[in-house]
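As a plain string of letters, each chain reads:
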Amino acid sequence: MTSPAATVHVDLPGRAYDIHIGPDLLAQAGAYIAPLGGRKHVAIVTDKTVAGLHLKTLQDGLAQAGLTSEALALPAGEATKGWPQLQCTCEWLLDQKVERGDVVIAFGGGVIGDLVGFAAAILRRGVRFVQIPTTLLAQVDSSVGGKTGINARHGKNLIGAFHQPSLVLADTALLGTLQPRDFLAGYGEVVKYGLLGDSAFFDWLEKLGPAMAAGDMDARVQAVTRSVQMKADIVQRDETEQGDRALLNLGHTFCHALEAATGYSDRLLHGEGVAIGCGMAFELSARMGLCSQENPSRVREHIRSMGMKVDLRDIDGDLPDAEALLALMGQDKKVVAGKLRFILARDIGDAFITSEVPRDKVLGVLKDALAER
Ligand code: GLY
């Protein structure tokens, strides 16, 4: 087994695990997973798109370490993150005779990671699972930190559990098969890390973001590693989001309203909404006198220069008015005791959590953004 390009350790008591990052880890998956123990037969849950592209490489990699495997390939897409597919996954894992000591592999993007992680959390009151994230968004965010769950008709991610993986293998070569739009949506979450806590990382992204998007593997490894390290540090401080973990929601209060307004459809991908939401969070911060006026311009300029959506006018079709968008924010699960919680910023790389945000300031940001359409 060759060493991964980078490893980040998540040091949670009794639930510590490694995140290995680098190209071509999939072909060595068996060497990483076999030491976890359990039966020599592993269950893989994936989606049909990922299965078509990468399942054989994973199964060959497992076989090299003497692990046989069986795979369930679910339909790709957000609709898979619901009760019917959870039931199907749990029953299939039981059919596979997965036991407490075994390891289940979640092989795909955020939908598969969240669904399979939740199935692992509740199957036999908890079995171990390995995340093999195949999208940039899943590599830098959803595969790390143990948030698992499915959507309800009331909203996204409302049924779930904290259940940490036993290992994460982030194979950066897999990012080469993503559609450019999907890659850039994941980049929205990468930018978020620079904006919330590391201005030097944001400077670096301004310089190397384009090379990273064009396929520069060193840049991809460095960006994924820095993002994951920041997330691991936050999760170690606050695993269950009693405090600091909410910083990871920079841009998300605006994003969730926009996602709801666009019906969680292709009109706006989650990471695109995060990028737009980060611009709006900085705009709100500037209007509240918390950060300089240059900050929101600089944030938006970088997002635009990457060829991403940055303003509400970049979202096709109608949007509700500002009052209706504000009401959609009120349905966000980040509402605490009826008060909206925002992540605002004093500067690039210096975000903080607050519920003290005047309603008229938020409305002003939304109204002006809608007026530009
Ligand atoms: N995606 C935000 C978190 O994991 O807390």
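For the structure itself, consult the block above.
Bear in mind the structure is a predicted one, so any value in this text is a computation, not a measurement. (Residues numbered from 1 in each chain as written. Predicted model: local features only at pLDDT ≥ 70, side-chain atom pairs only at ≥ 80, totals over all residues. Heavy atoms only, no water.)

Draft legend 1. A look at the overall build of the chain. Assigned secondary structure in the chain consists of 13 helices and 11 strands. Structurally, the chain occupies a C-alpha span of about 60 × 40 × 40 Å along its principal axes. The long-range share in the chain, meaning contacts at least 24 apart out of those at least 6 apart in sequence, stands at 75%. Carbon together with sulfur atoms contributes 50% to the accessible area of the chain, which is approximately 14,800 Å² in total. Between the mean site of the 38 positive side-chain charges and the mean site of the 45 negative ones, the chain shows a separation of 4 Å. (Helix = DSSP H or I, 4+ residues; strand = E, 2+ residues; numbered from the N terminus. Contact = heavy atoms within 4.5 Å. Areas by Shrake-Rupley, 256 points an atom, 1.4 Å probe, with all protein chains shown as cover. Lys, Arg positive; Asp, Glu negative; His and termini not counted. Charge placed at Lys NZ, Arg CZ, Asp CG, Glu CD.)

Draft legend 2. Spatial organisation of helix 13 (residues 359–371). With 13 residues, helix 13 extends 18 Å between its outermost C-alpha atoms, agreeing within 8% with the 18 Å of an ideal straight helix rising 1.5 Å per residue. Every buried residue of helix 13 is listed here: V362, L363, G364, V365, L366, A369 and L370. Structurally, helix 13 contributes buried residues whose contacts are with helix 9 (252–261), helix 10 (270–287), helix 12 (322–329) and strand 10 (342–347). (Expected span 1.5 Å × (residues − 1). Buried < 20%, exposed > 50% of the residue type's maximum accessible area, 1.4 Å probe, protein only.)

Draft legend 3. Focus on the packing of helix 6 (residues 180–197) against helix 8 (residues 217–237). Relative to each other, helix 6 and helix 8 sit at 55°, their axes nearing to 10 Å. What the angle tells us is that helix 6 and helix 8 run oblique. With respect to the hand of their crossing, helix 6 and helix 8 are arranged in left-handed fashion. Judged by residue contacts, F183, V190, Y193, L196 and G197 of helix 6 engage R220, A223, S227, M230, K231 and I234 from helix 8. Class assignment for the residues of the contact of helix 6 with helix 8 results in 7 nonpolar, 2 polar and 2 charged. (Axes fitted to C-alpha atoms, helices over the stretch in contact; angles between N-to-C directions. Parallel < 35°, antiparallel > 145°, perpendicular 65-115°, else oblique. Left-handed = near helix turned anticlockwise from the far one by under 90°. Nonpolar A, V, L, I, M, F, W, Y, C, P; charged D, E, K, R; others polar.)

Draft legend 4. Examining helix 9 more closely. Most of helix 9 sits out of view: 9 of its 10 residues are buried. Positive backbone phi, at 65°, marks G263, one or two positions downstream of helix 9.

Draft legend 5. A look at unusual backbone geometry. The residue D24 is not glycine, and still its phi comes out positive at about 65°. Mapped onto the elements, D24 comes out in the loop between strand 2 (17–22) and helix 1 (29–33). A positive phi is found at R125, a non-glycine position, where the angle reads about 60°. Note on R125: relative accessible area 77%, which makes it exposed.

Draft legend 6. How the structure looks around the nonpolar core. Within the largest apolar cluster, 57 residues are counted, with the highest numbers of intra-cluster contacts made by I19, I21, L136, Y187, L195 and L196. If you tally residues by element for this core, the top one is helix 8, at 9 residues. Contacts of L136, omitting those with residues within four sequence positions, involve L175, L178, F183, G186, Y187, V190, M212 and V224. Of all hydrophobic cores here, the second largest spans 26 residues; its members include F254, M280, I315 and L340. (Core = buried A, V, L, I, M, F, W, Y, C linked by side-chain atoms within 4.5 Å.)

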